Amino acid sequence: MLHLYFWILRLAALFGHRKAKKLVSGQGQAMALLQQWRASIADAPVVWIHVASVGEFEQVRPIIERLRGELPFRKILLTFFSPSGYEMRKDYNQVDKVLYLPFATRRNAKKWLQHLAPEMAVFVKYEFWPAYLRALKKNNIPTYLISSIFRPKQLFFLPWGYTYRQLLHCFTHIYVQDKGSMELLNRYGVMHVSVAGDTRFDRVKEVKKHAKELPIVGHFAANHPRVLVAGSTWPLEEQMLAQYVAERDNVRLIVVPHELHTNHLNQIFQIFEGRYVRYTEATPMGVSMCPTLLVDTMGLLSSIYRYGHVAYIGGGFGAGIHNTLEAAVYGMPVVFGPHWHKFREARGLLDAGAAISVKNYHELAAALDKAFDEHTEMGQRAAQYVKNECGATEIIYNALFH
């Protein structure tokens, strides 16, 4: 199956698929780059950390930054599978090297470990590459899985999932997010498991401490009692949000789209009929006169939430919701679409009475009205939920490095 996937990627790259081309090219160069880097650091101990993309990177980031601060003599190699993750973090200065991970064949895994010779390997959440895991176990290299979460319908636990389930025994230890995951693994004979929680809670707490001052956003939100921040939105959600704002004179909307390519920005122009100001073109005077602010630049969302009263989190009418915690840490009620069930933190916020899930526009409008009316109480519950869930970084870091 993995080999079929590899050939499909190569075929897609051949026909010009942008992400496939980057992935195939990056994987092709990774082995030589690894060899050069390893030679440059001689026999220094290396911690190898592998993530799929940006989301998993954010989960391990608190551990990386603590490791860099407390044990700087250790070298850190960070590898990505996703081109988007690699491109976004290839210059991340808290590690010593960032590379793609070559395709998971037995030959590649053997060569990779021969060149790298890591003192340990850390995989994050859902990264299970059979060839690498088996090679790590064969070479007696301590290997850890962190911030993972398991559900009964995953391949490991299906009647035909025995071979895949055996991969779990390649890990020295598995640190899961919740008790349910540990109990599920235990039922299948996987006992080297501990509940540590999710490091993303620690990460958003840290991000909040270093939030940027954004004067334009401050002017837009100043003295308005109902400011809605819509983060990582998609076109269908933007249509509903445009209708909501059009029907309510007392709501100000900050839209931060998930994608900023030209076609999407043109769609947004049509959806809002041009009645917005773009962040990159805004002035303090002009921005206060418009009901909608379109943030047409990357990297500001986590700081923008501080200026709002209620957050709408995008993605829930598609593949799944984006990051709810970046908003909740500020003590904001959160609203999102129906596709949230794979996200433990969404369930936690719903159970805490800090979030509302909606299935259509009428539910969205009612939920946003309720969240604004009760934003103080709901927001306090959101902040308390995040506070209660912090601490995973301490548990995992102490277990791995003390």
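Residues numbered from 1 in each chain as written. Predicted model: local features only at pLDDT ≥ 70, side-chain atom pairs only at ≥ 80, totals over all residues. Heavy atoms only, no water.

Participant: When you look at the pattern of salt bridges in this model, what are you seeing that I'm missing?
Facilitator: Any two side chains of opposite charge can pair, on the condition that their charged atoms come close. The final tally for this structure, using the stated rule, is 23 salt bridges. Ionic pairing is found between Arg66 and Glu394, a salt bridge with its closest N-O pair at 2.5 Å. Here Arg66, found in helix H3 (residues 54-70), pairs with Glu394, found in helix H19 (residues 392-401); they are 328 residues apart in sequence, far enough to count as distant. You can call Glu394 partly exposed: its relative accessible area is 40%. Ionic pairing is found between Glu119 and Arg74, a salt bridge with its closest N-O pair at 2.2 Å. One end of the pair, Glu119, is in the loop between helix H5 (106-116) and strand S4 (120-124); the other, Arg74, is in the loop between H3 and strand S2 (75-80), and 45 residues separate them in sequence. Judged by its relative accessible area of 28%, Glu119 is partly exposed. Among the ionic contacts, a cluster of salt bridges with common partners joins Glu58, Arg61, Glu65, Arg89 and Arg203. (Salt bridge = Lys/Arg side-chain N within 4 Å of Asp/Glu carboxyl O. Helix = DSSP H or I, 4+ residues; strand = E, 2+ residues; numbered from the N terminus. Buried < 20%, exposed > 50% of the residue type's maximum accessible area, 1.4 Å probe, protein only.)

Participant: Where do I start with the nonpolar core in this structure?
Facilitator: Grouped burial of nonpolar side chains is what soluble globular proteins tend to show. By size, the foremost hydrophobic cluster in this structure holds 69 residues, and its most contacted members are Trp48, Leu78, Trp112, Phe150 and Ile174. The contact partners of Phe150, leaving out residues within four places of it in the chain, are Phe128, Leu145, Phe156, Phe157, Leu168, Ile174, Val176, Ser181, Leu184 and Leu185. In this structure, Val227, Ala282, Tyr330 and Ala346 belong to the second largest nonpolar core, which totals 42 residues. (Core = buried A, V, L, I, M, F, W, Y, C linked by side-chain atoms within 4.5 Å. Contact = heavy atoms within 4.5 Å.)

Participant: How should unusual backbone geometry be read in this particular structure?
Facilitator: Unlike most non-glycine residues, Ala42 shows phi in positive territory, near 55°. Take Ala42: it is sitting in the loop between helix H2 (18-40) and strand S1 (46-51). Phi at Asn140 takes a positive value of approximately 55°, unusual for a residue other than glycine. Its place among the elements puts Asn140 in the loop between helix H6 (130-138) and strand S5 (143-148).

Participant: Looking at this structure, how should I read the sheet that holds S5?
Facilitator: Across a sheet, strands are paired by hydrogen bonds formed along the backbone, either parallel or antiparallel in direction. Taking strand neighbours across the sheet as the criterion, the seven strands line up as S3-S2-S1-S4-S5-S6-S7 in an open arrangement whose pairing is parallel. Of all the strands in the sheet, the pair left with one neighbour each is strand S3 (97-100) and strand S7 (193-195). Taken pair by pair, the neighbouring strands of this sheet meet at an average axis angle of 20°, ignoring direction. When strand S6 (residues 173-176) meets S7, the two strands line up parallel, connected through three bridges. Its bridge partner being in S7, Tyr175 is matched across the sheet by Ser194. On the sheet, H3 packs against S1, S2, S4 and S5 and is oriented at approximately 180° with respect to S2. In this fold helix H8 (residues 179-187) packs onto S6 and S7, with an angle of close to 165° to the strand it touches most, S7. (Pairing = 2+ DSSP bridges. Axes fitted to C-alpha atoms, helices over the stretch in contact; angles between N-to-C directions.)

Distances and angles like these do not, on their own, reveal function.
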